[in-house]
Amino acid sequence: HSYRHSYLVGPPCRCRWAVMPSRHCSMSVEGRSDPSMLRHLTSKITATGPITVAEYMREVLTNPVSGYYVKNDMLGADGDFITSPEISQIFGELIGVWCVSEWMAAGKPKALQLVELGPGRGSLTSDILRVFRQLQSALNGAAVSIHLVEVSPKLSQVQAECLTGERTQVCVSDKEAVYHTGTSHTGLPIAWYRRVEDIPKGFSIFLAHEFFDALPIHKFQRTDKGWREVMVDIDPEEPEKLRFVVFPAPTLASTTLIQADDKREHVEVCPEGGVIVQNLANRIVEDGGAALIADYGHDGTKMDTFRGFRGHKLHDVLLAPGTADLTADVDFSYLRRMAGGDVVCLGPITQRTFLKNMGIDTRLQVLLRNCHDASTRAQLIQSYDMLTNLEKMGQRFQFFSLLSRSRLAEPQEEGEGLKRRKKGRVPLPVAGFSELGLQ
Ligand code: SAH
């Protein structure tokens, strides 16, 4: 592990080199079932009729009693899927550099809120905080605070262990927006919230890695009579089984969520994701900051992407609900539309391009130069390949950013240009999205 110390200061990382080839790799998880979730859904459907796919997804993933995210730590080799921050520390380190670069480009505000949505095991924020400590002198005494948005009590505990060790406190009142607080290993305040709306105002860098794909989607099918919503119903042949049905009449969602000129046969829309992006955009306009959203997705072209993962295998989305992760590709064209014109959207660009622009090759070389253990070297190379190879995560995962308009504005007149330059506010290239990024 000597290479870590030569590269970054900080406590030794957890060992997370047990790389699985991808979310599709095989591993058997037998015998897991959750009849209570199925019962909950069937009684709901019996009482009020078929439910929307969005309601199905919301219940299955985040129902406060038995939701998949609420009860499980599903990440890693023993879980249902593995993510980039879990595969290599380099991933979070490069995003840490991105955060510092955006903070500098904004004119180095005195306070910096680092906000992560859906932090999983906390690995991404943990790697970023190590970079912040390393770049302490560049951060110039800025008051950094960490804000995590997490619905899962189980995962918030895992995050607290990872980020704070013992220095943590669960807030007793259910009514407070903050439900958990702590101090990071590097001495920074951390607070946990359930909703984006609860985060305090102020200059913020927002990060969302594999967060938007977990938010509920509505599904629509083109029919002779126009768009109709796909719903989840009980199979009349087998009362213990669920099935998809196309609702015969228009629903509120089918009449409001589809673009008139959409040419697809089948469309998925995630209004919750839209509301969150609007919230981020408004905050960026009002208080300054930037958002970096990384997920698998498309630009308004794909159709049926709703799927389940269990034990690193594809899993029928309607089978044994509550025991598998449910996810849908993120529609970046929808997020861009919802962000509105007051912010600038960059991307989506592939993970490979983003990481290459951020200097992943140089970082890998630095780590390899300082590492003499053959198996660790092999793991470093393997995880680099997993993140950047176009056949693996390099292509499927996309990076998308929301930035303040002033961030990219070229000075209009010479006089103003001079003023900006004096204040150190000449727009810089956006790291990661432009090859000039960090050179
Ligand atoms: N970002 C992490 C984890 C991805 S899994 C990684 O890449 O490894 C999705 C995360 O979002 C989990 O932490 C889950 O509990 C959280 N989550 C899912 N739905 C949420 C919601 N509606 N509000 C807040 N957090 C949510």
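Residues numbered from 1 in each chain as written. Predicted model: local features only at pLDDT ≥ 70, side-chain atom pairs only at ≥ 80, totals over all residues. Heavy atoms only, no water.

1. Overview of the packing of helix H6 (residues 89-105) against helix H7 (residues 123-134)
Next, step 1: Between H6 and H7, the shortest axis-to-axis distance is 7 Å and the interhelical angle comes to 55°. In this view, H6 runs oblique relative to H7, as classed from their interaxial angle. Judged by the sense of rotation from one axis to the other, the crossing of H6 with H7 is right-handed. In this structure, H6 contributes Gln89, Phe91, Gly92, Glu93, Ile95, Gly96, Val97, Cys99 and Val100 to the contact, and H7 contributes Leu124, Asp127, Ile128, Arg130, Val131 and Phe132. (Axes fitted to C-alpha atoms, helices over the stretch in contact; angles between N-to-C directions. Helix = DSSP H or I, 4+ residues; strand = E, 2+ residues; numbered from the N terminus. Parallel < 35°, antiparallel > 145°, perpendicular 65-115°, else oblique. Left-handed = near helix turned anticlockwise from the far one by under 90°. Contact = heavy atoms within 4.5 Å.)

2. As for the environment of Leu139
Next, step 1: Relative to the helices and strands, Leu139 resides in helix H8 (residues 136-139).
Next, step 2: Leaving out residues up to four positions away in the same chain, Leu139 has contacts with Val100, Trp103, Leu112 and Phe132.

3. Quick notes on the pairing of strand E2 (residues 111-117)
Next, step 1: Of all seven residues in E2, six are buried, a share of seventy percent or more.
Next, step 2: Looking at chain direction, E2 and strand E3 (residues 143-149) are connected through seven bridges and run parallel. Its bridge partner lying in E3, Val115 is registered against His147.
Next, step 3: Bridging between E2 and strand E7 (residues 204-209) involves five bridges; their strand directions are parallel. Along E7, the bridge assignment pairs Leu114 with Ile205. (Buried < 20%, exposed > 50% of the residue type's maximum accessible area, 1.4 Å probe, protein only. Pairing = 2+ DSSP bridges.)

4. A few points about helix H14 (residues 360-369)
Next, step 1: Turning to H14, its buried residues number three or more, namely Ile360, Leu364, Leu367 and Leu368. Projected onto a plane normal to the axis of H14, the buried residues spread over an arc of 100° and lie on a single side. Pointing more than 90 degrees away from the buried face of H14 are the exposed residues Thr362 and Arg369. (Arc of directions from axis to C-beta.)

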